[in-house]
Amino acid sequence: MRTVNDSYEEFIEAFLIWMKDAGFTLHTQKSYLGDVSQFLDSLGGKKLEQVKKIHVMSYLSSVREQGVSDATRNRKHAAVNCFFKALMELEMAGTNPAAGIKKSKTDKNRTPVYLDEQQLPLFLKSIEGKYRYRNAAVFLLMAYMGLRVGEVHTLNLTDYNRDRHTLDVFGKGRKWRTLPVPDAVAAMLDRALEERITPWRRKEDALFISQKGQRLSIRNIQQIAADTFDRYQSDLPERQRLPYSCHKLRHSFATMLLRKGADLRTVQELLGHSSIQTTTVYTHVTSREKEEAISRLEVVLPF
């Protein structure tokens, strides 16, 4: 976390307590604390009761000028909004100057990035190293079961029922969902468990262990994915490489399900979305599908 003016220390500590009590993941806590600390730095020592909407908007404008994406700008806004919301609930602030500020409009017409059914096996072939079975299990959980990277990180041994082939997943909003595990994924999970690294803490229950003997961190998973995607695209010129990530594997899962005729409500449940509107972002179509649809039309000219 960034170093901020000591006068804000009490508020930062209160915000952290609030997030822990609300069940925010460690990853979200760290991200939000970093964003809020950056915002507080921008105030120049101003007391929180003096902060107005214009100060929040000025901060958000400054980070945009620094070149951050609209999505990052919106996350920083969400962090500051959440900060003041927490202080109001804790009776440490009377107003929320971040409330009512509009989100940046992200580019919804960009070509979506994901791997299709033909590409996923090639990506999995790019997995290398001593812990390839563990890493393959991690990727399969995201690509064929739709888990978020944070959900993979928090998985414990007891969450996986080897006999029933089910997995209990603790997701956003402190909600549990039970997912069926495909046979091929179960086989890889079993292989990964057979070769599971012995943790240095005797009572460590994490499903996936790092080479240091600790729970595999979100950062570790993201780096392993980045390295694997680099190998997967190594034969392509730099300008043709796509920005794949852990989330794109989850995107691949949702896209494959919808193309095979799964209804939105079922996909929503599998992904752990609280709103079906969130699930609709995966209902995109490709240029090939557009061409196939139009090719079914019979054009009859009257001359």
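Residues numbered from 1 in each chain as written. Predicted model: local features only at pLDDT ≥ 70, side-chain atom pairs only at ≥ 80, totals over all residues. Heavy atoms only, no water.

The subject of this paragraph is the overall build of the protein. Across its full length, the protein carries 13 helices and three strands. The C-alpha extent of the protein, read off along each of the three principal axes, is 75 × 65 × 40 Å. When the 303 residues of the protein are sorted by exposure, 39% land in the buried category. Accessible surface computed for the protein: about 18500 Å², of which carbon and sulfur atoms make up 50%. (Helix = DSSP H or I, 4+ residues; strand = E, 2+ residues; numbered from the N terminus. Buried < 20%, exposed > 50% of the residue type's maximum accessible area, 1.4 Å probe, protein only. Areas by Shrake-Rupley, 256 points an atom, 1.4 Å probe, with all protein chains shown as cover.)

This brings us to the packing of aromatic side chains. Within this structure, the stated rule accounts for 13 aromatic pairs. Relative to phenylalanine 84, the ring of phenylalanine 83 has its centre 5.2 Å away and its plane inclined at 65°; by these criteria the two rings are edge-to-face. For phenylalanine 83, a relative accessible area of 0% corresponds to the buried category. Here the aromatic rings of phenylalanine 123 and phenylalanine 229 are separated by 4.4 Å at their centres, their planes lie at 25°, and the arrangement is stacked. Note that phenylalanine 123 is positioned in helix α5 (residues 119-125) and phenylalanine 229 in helix α9 (residues 218-232), a separation of 106 residues in sequence. (Phe/Tyr/Trp six-rings, centres within 6.5 Å; stacked < 30°, edge-to-face > 60°.)

Time to look at the side chain of aspartate 35. Of note, aspartate 35 is situated in helix α2 (residues 26-41). Each residue touching aspartate 35, except ones within four places of it in the same chain, is listed here: Tyr59, Arg75, Lys76 and Ala79. (Contact = heavy atoms within 4.5 Å.)

Moving on, we come to the sheet that holds strand β3 (residues 175-180). Strands sit in the order β1-β2-β3 across an open sheet of three strands; the sheet is antiparallel. Lying at the two open borders of the sheet, with one neighbouring strand each, are β1 (160-161) and β3. By the bridge criterion, six bridges tie strand β2 (residues 166-171) to β3 in an arrangement that is antiparallel. Bridged to glycine 171 within β3 is lysine 175. (Pairing = 2+ DSSP bridges.)

Next up on the list: helix α1 (residues 9-22). The terminal C-alpha atoms of α1 lie 20 Å apart, and with 14 residues this matches the ideal 20 Å at 1.5 Å per residue to within 8%. Residues Phe11, Ile12, Ala14, Phe15, Trp18 and Met19 constitute the buried set of α1. Down the axis of α1, the buried set is contained in an arc of 160°. They therefore lie on one face. Away from the buried face of α1 by more than 90 degrees, exposed residues Glu10, Ile17, Lys20 and Asp21 are located. Where the residues of α1 are buried, they touch α2 and α4 (70-89). Phi for glycine 23, located one or two positions after α1, is positive at around 85°. (Expected span 1.5 Å × (residues − 1). Arc of directions from axis to C-beta.)

This paragraph deals with the side chain of asparagine 74. By the element assignment, asparagine 74 lies in helix α4. Overall, asparagine 74 belongs to the buried group, its relative accessible area being 14%. Within the local environment of asparagine 74, its side chain forms a polar contact with the side chain of arginine 73, the two groups lying 3.3 Å apart. (Polar contact = N/O pair within 3.5 Å; in protein donor to acceptor, adjacent residues only side chain to side chain.)

Together, Asp6, Glu9, Glu10 and Glu13 make up a region of like negative charge exposed at the surface. Within the secondary structure, glutamate 13 is located in helix α1. Look at glutamate 13 and you get partly exposed, because its relative accessible area is 45%. (Patch = residues over 30% accessible without salt bridge, like charges linked within 9 Å, V, L, I, M, F, W, Y side chains within 5 Å. Salt bridge = Lys/Arg side-chain N within 4 Å of Asp/Glu carboxyl O. Lys, Arg positive; Asp, Glu negative; His and termini not counted. Charge placed at Lys NZ, Arg CZ, Asp CG, Glu CD.)

Looking now at the environment of isoleucine 221. Within the fold, isoleucine 221 resides in helix α9. Taking the C-alpha atoms as reference points, isoleucine 221 and phenylalanine 139, separated by 82 residues in sequence, lie 9.1 Å from one another. If we ignore the near neighbours within four places in the chain, the residues touching isoleucine 221 are Val138, Met142, Val149, Val152, His153, Leu216 and Cys246.

Now for the pattern of salt bridges. Within this structure, the stated rule accounts for twelve salt bridges. Note that arginine 241 and glutamate 238 form a salt bridge whose closest N and O atoms lie 3.5 Å from each other. Linked by salt bridges that have partners in common, Asp35, Arg75 and Lys76 make up one network.

On to the packing of α1 against α4, then. Between α1 and α4, whose axes approach to 9 Å, the crossing angle comes to 90°. Taken together, α1 and α4 sit at an angle that is classed as roughly perpendicular. Side by side, α1 and α4 meet where Phe11, Ala14, Phe15 and Trp18 of the first sit next to Ala79, Cys82, Phe83, Ala86, Leu87 and Glu89 of the second. Per-class residue counts for the contact of α1 with α4 are nine nonpolar, no polar and one charged. (Axes fitted to C-alpha atoms, helices over the stretch in contact; angles between N-to-C directions. Parallel < 35°, antiparallel > 145°, perpendicular 65-115°, else oblique. Nonpolar A, V, L, I, M, F, W, Y, C, P; charged D, E, K, R; others polar.)

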